Amino acid sequence: MIEINHIDKWYGSFQALKDCTTSVAKGEVVVVCGPSGSGKSTLIKCVNALEPFQNGEIIVDGIALKDPKTNLPKLRARVGMVFQHFELFPHLRIMENLCLAQEKALGRSHQEALAKSSKLLDRVGLKGHARKYPAELSGGQQQRVAIARALAMDPIAMLFDEPTSALDPEMISEVLDVMVDLAREGMTMMVVTHEMGFASKVAHRVIFMDNGEIVEDALKTDFFGSPRSDRAQKFLSKILSH
Amino acid sequence: MFSNFDFDVIRRSLGYLFLDGMTFTLTLTALAVVGALIFGTLIALMRLSGFRLLGWIAGLYVDLMRSLPLVLVIFWFYFLVPYIGQWLTGASRPVHVGAFTSSLVTFIMFEAAYFSEIMRAGIQSISKGQPAAAQALGLTYSQTMRYVVLPQAFRNMLPVLLTQSIVLFQDTSLVYVLSIPDFLGAASKVAQRDGRLVEMYLFAAAVYFIISCVASFGVRRLQARIAFVH
């Protein structure tokens, strides 16, 4: 579904990604972890071309991002993305947040979009909040709306960029619950997170990044059992020691 | 000290002052604001577009307009627009452009430079995550601008835009140099005809003061009401 082949990315003279290669198969859940500044968010943003990259190629559902014939907005409409800071549109009501791209990017009718949105709001447990503005919701609720907004596009895969890092601790589980359900339903997911509980519960594979490199790309059981690299061992011991 | 002043001159000329003069001033202000908003948005988008050449041209334009006194621009436009019109249409003589059209074009061009800077700041005040989220949902660049970035930016910059519009309202009095009877021009004409300079200019000052003050107060009220909860 997603193939990442030998990606290099520079910010000026700083190399943010170094020869990164990995893939996510259909229905697979891949967790990307690593210390901050290791390039994991950059990598996931490259997958729907929100960040340009200099060398290498990413192929999503058979479509090469660097191909000049690729219609990027059209491709992005098929790949859902959830951000660390939710990024709901503050000037629009919750329902309008969900409907906007369905109507403008997919060309669905307003009725169709409304029906789809109501169903998804219900699914993330926020049916009664359709007419509110984002600022009236808690962080956890906003992030669940953001997930519903991405799902409303019927995505072929979902990208999560640290979806719980900006949340108060008591709100993390309500967001993770939605993500676990999604994973169990067979959604293809690439998730940047420090939530190792989530990783051990639903991930198939874990990728560990450090300094812009993919240091370890292993099956979940191997990764948590005995990571091969020292750096991954150190990282795990730090975040699992509490 | 006012014993030899004749304030009745104001009452006698009210019709001319307001029906002719103030109507002209308000019409010019309103049309100039609308035009400058549209043209200013365009310039702001050019500066933010990421196309080097477009940004450079827009930047040069803004710097040029902001470095010239408004009166000078009004003069130049009044004398130049007929020739530019001639050059554009290929007519054999300078195109006749009325003082109103000429001053309107001037104010739109001039104020657009200021408006565009306000808008640029307003657009840049929107966090990068917002356009990223819009694009991640499959919206194109222009849809992202239209539905996500500009509505938020406009709301953020509305108070500043309105304040600048109040300044524009005062600045329209500069059409005086083209001897157009705007409110100040009308007051000045009456003043000179009846030899009542002090009375008329006092009155004109009072009217500008009251209108601008009330408008500023309205802007502050509005600002408090639309402030965003993030």
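Just so you know, these numbers come straight off a predicted model, no measurement behind them.

1. Regarding the sheet that holds strand β7 (residues 157–161) of chain A
Residues and elements named next belong to chain A.
Consideration 1: Taken in spatial order, the 6 strands make up an open sheet running β6-β7-β8-β3-β9-β10, and their pairing is mixed. With one partner strand each, in any of the chains shown, β6 (79–82) and β10 (213–219) form the two edges of the open sheet. Neighbour-to-neighbour, the strand axes of this sheet turn through a mean angle of 15°, independent of strand direction.
Consideration 2: Note that strand β3 (residues 29–33) and strand β8 (residues 189–192) share 4 bridges and pair parallel. Looking at the pairing, V30 lines up with M190 of β8.
Consideration 3: Across the sheet, helix α5 (residues 139–151) lies against β6 and β7, angled at about 170° from β6, the strand it touches most.
Consideration 4: Sheet strands in contact with helix α6 (residues 169–184) are β3, β7 and β8, and its direction is about 150° off that of β8.

2. Regarding the environment of C213 of chain B
All names here are of chain B.
Consideration 1: Take C213: it is sitting in helix α8 (residues 197–226).
Consideration 2: By relative accessible area, which is 38% here, C213 ends up partly exposed.
Consideration 3: Remark: the alpha-carbon pair of C213 and I166, spanning 47 residues in sequence, is separated by 9.2 Å.

3. What to know about the packing of aromatic side chains
Residue and element names in this part refer to chain B.
Consideration 1: Taken as a whole and judged by the stated rule, the model has 11 aromatic pairs over all chains.
Consideration 2: On the numbers, 5.3 Å between centres and 75° between planes, the contact of F24 with F100 is edge-to-face. Pair noted here: F24 is in helix α1 (residues 8–48) and F100 is in helix α4 (residues 99–124), with a separation of 76 residues, a long-range link.
Consideration 3: With a relative accessible area of 16%, F24 lands in the buried category.
Consideration 4: Geometrically, the ring pair formed by F169 and Y208 is tilted, given 5.5 Å between the ring centres and 50° between the ring planes. Residue F169 is found in helix α6 (residues 141–171), and its partner Y208 is found in helix α8; the two are separated by 39 residues along the sequence. An identical accessibility class is assigned to F169 and Y208; each is buried.

Conventions we followed
- Residues numbered from 1 in each chain as written.
- Chains lettered and ligands numbered in written order.
- Predicted model: local features only at pLDDT ≥ 70, side-chain atom pairs only at ≥ 80, totals over all residues.
- Heavy atoms only, no water.
- Pairing = 2+ DSSP bridges.
- Helix = DSSP H or I, 4+ residues; strand = E, 2+ residues; numbered from the N terminus.
- Axes fitted to C-alpha atoms, helices over the stretch in contact; angles between N-to-C directions.
- Contact = heavy atoms within 4.5 Å.
- Buried < 20%, exposed > 50% of the residue type's maximum accessible area, 1.4 Å probe, protein only.
- Phe/Tyr/Trp six-rings, centres within 6.5 Å; stacked < 30°, edge-to-face > 60°.

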